[in-house]
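Below are the chains, spelled out letter by letter.
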Amino acid sequence: MIQAIGLGLVVFVGAAAQRITGLGFSLVTSPYLVLLLGPFDGVLVVNACAVLTAFVVLTQVWRDVDPRRAALLIGPALPAVAAGAWMARSLPAPPLAVVVGVLILCALVAVVASERARVLRGTPGAVAAGIGSGFLNATVGAGGPAVALYAVSSGWAQHRFAATAQLVFGVLGVASLAAKGGRPSMAAAEWATVAAGLTAGVLTGNGLAGRFSPARGRTAVIALAMAGAALTVVKGVAALCGCR
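Here's what I pulled together on the structure shown here. (Residues numbered from 1 in each chain as written. Predicted model: local features only at pLDDT ≥ 70, side-chain atom pairs only at ≥ 80, totals over all residues. Heavy atoms only, no water.)

1. Looking at the overall build of the protein chain
Here is step 1 of the chain: Across its full length, the protein chain holds 10 helices and zero strands.
Here is step 2 of the chain: Evaluated residue by residue, the protein chain yields a buried proportion of 51% over its 244 residues.
Here is step 3 of the chain: Accessible surface for the protein chain amounts to roughly 10,200 Å². Of this, 71% is attributable to carbon and sulfur atoms. (Helix = DSSP H or I, 4+ residues; strand = E, 2+ residues; numbered from the N terminus. Buried < 20%, exposed > 50% of the residue type's maximum accessible area, 1.4 Å probe, protein only. Areas by Shrake-Rupley, 256 points an atom, 1.4 Å probe, with all protein chains shown as cover.)

Next up, the structure:
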């Protein structure tokens, strides 16, 4: 029961962050769900919840979606999803946990540096961002940083980025679930708390979206995600040492 409550709280915070900042669900939830459920099942739950969150938010912001940029990102991302899914299926749990934690930390560094690093411009930038987002989505459930870096590099308006990102994340989440072909091993009570946390998080985010500073939300997302990613790496390394 304690684990079920923990799952619900993690998903609640991630869903609220997603609604307020346009991204954040996967960054916040992935490391903590990996800690609770293991690296493969944890990322599967992240993918499933990210799909639901993205499409729920999309119903509210669809008028601001940029179809051309969405296609530029999704096209090259799909083959990268397949490569990431293969890695997720192939690695044993302890090294996969280390890979998940390290990749999330690298993604967070990209987010922090994105305001100064304008390296993904034009169509080549969109293709590179799509490949990075697809691979990270399948391996760690966090495809947002690559898209965010492209958005900053190309001067993409925040409201257009936040709306288009929901379509991109929703499609990549579906592709990641299909490529990995698994279903997380969770009890009914855990699914119920995840669903409740997801719903409550989106509703809370709706209420705070106009009153909560996106910059402050972004800082909180990064801090939470860094702490979780570091814990994930520590747990994976400890498991590897224990195996020896």
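2. Remarks on helix H9 (residues 188-208)
Here is step 1 of the chain: Between its first and last C-alpha atoms H9 spans 30 Å; for 21 residues at 1.5 Å apiece the expected length is 30 Å, and the two agree.
Here is step 2 of the chain: Those residues of H9 that sit buried are Glu190, Thr193, Val194, Gly197, Leu198, Gly201, Val202 and Gly205. For H9, the buried positions fall inside an angular range of 165 degrees around the axis, keeping them on one side. Those residues of H9 that are exposed and angled more than 90 degrees off the buried face are Ala188 and Leu203.
Here is step 3 of the chain: Residues of H9 that are buried make contact with helix H1 (2-21), helix H2 (25-37) and helix H3 (39-61). (Expected span 1.5 Å × (residues − 1). Arc of directions from axis to C-beta. Contact = heavy atoms within 4.5 Å.)

3. A closer look at the packing of H3 against H9
Here is step 1 of the chain: Between H3 and H9, the shortest axis-to-axis distance is 11 Å and the interhelical angle comes to 30 degrees. H3 and H9 meet at a crossing whose hand is right-handed. Seen from H3, the contacting residues are Cys49, Leu52, Thr53, Val56 and Gln60; seen from H9, they are Val194, Leu198, Val202 and Asn206.
Here is step 2 of the chain: Across the contact of H3 with H9, the residue classes break down as six nonpolar, three polar and no charged. (Axes fitted to C-alpha atoms, helices over the stretch in contact; angles between N-to-C directions. Left-handed = near helix turned anticlockwise from the far one by under 90°. Nonpolar A, V, L, I, M, F, W, Y, C, P; charged D, E, K, R; others polar.)

4. Observations regarding H3
Side chains that are three or four residues apart share a direction in an α-helix, a result of its 3.6 residues per turn.
Here is step 1 of the chain: For H3, which comprises 23 residues, the first-to-last C-alpha distance of 32 Å matches the rise-based estimate of 33 Å (1.5 Å per residue) to within 8%.
Here is step 2 of the chain: Counting buried residues in H3 gives 17 out of 23 residues, a clear majority hidden from the surface.

5. Focus: a nonpolar patch on the surface
Here is step 1 of the chain: Taken together, Met1, Ile5 and Leu9 make up a surface patch of nonpolar side chains, about 350 Å² in accessible area.
Here is step 2 of the chain: In this structure, Leu9 sits in helix H1. (Patch = residues over 30% accessible without salt bridge, like charges linked within 9 Å, V, L, I, M, F, W, Y side chains within 5 Å. Salt bridge = Lys/Arg side-chain N within 4 Å of Asp/Glu carboxyl O.)

6. Some remarks on the side chain of Thr139
Here is step 1 of the chain: Locating Thr139 in the fold gives a position in helix H6 (residues 122-140).
Here is step 2 of the chain: According to the relative accessible area criterion, Thr139 is buried, its value standing at 3%.
Here is step 3 of the chain: A distance of 2.8 Å separates a polar atom in the side chain of Thr139 from the backbone oxygen of Phe135.
Here is step 4 of the chain: The contact partners of Thr139, leaving out residues within four places of it in the chain, are Val43, Gly84, Met87, Val100 and Leu103. (Polar contact = N/O pair within 3.5 Å; in protein donor to acceptor, adjacent residues only side chain to side chain.)

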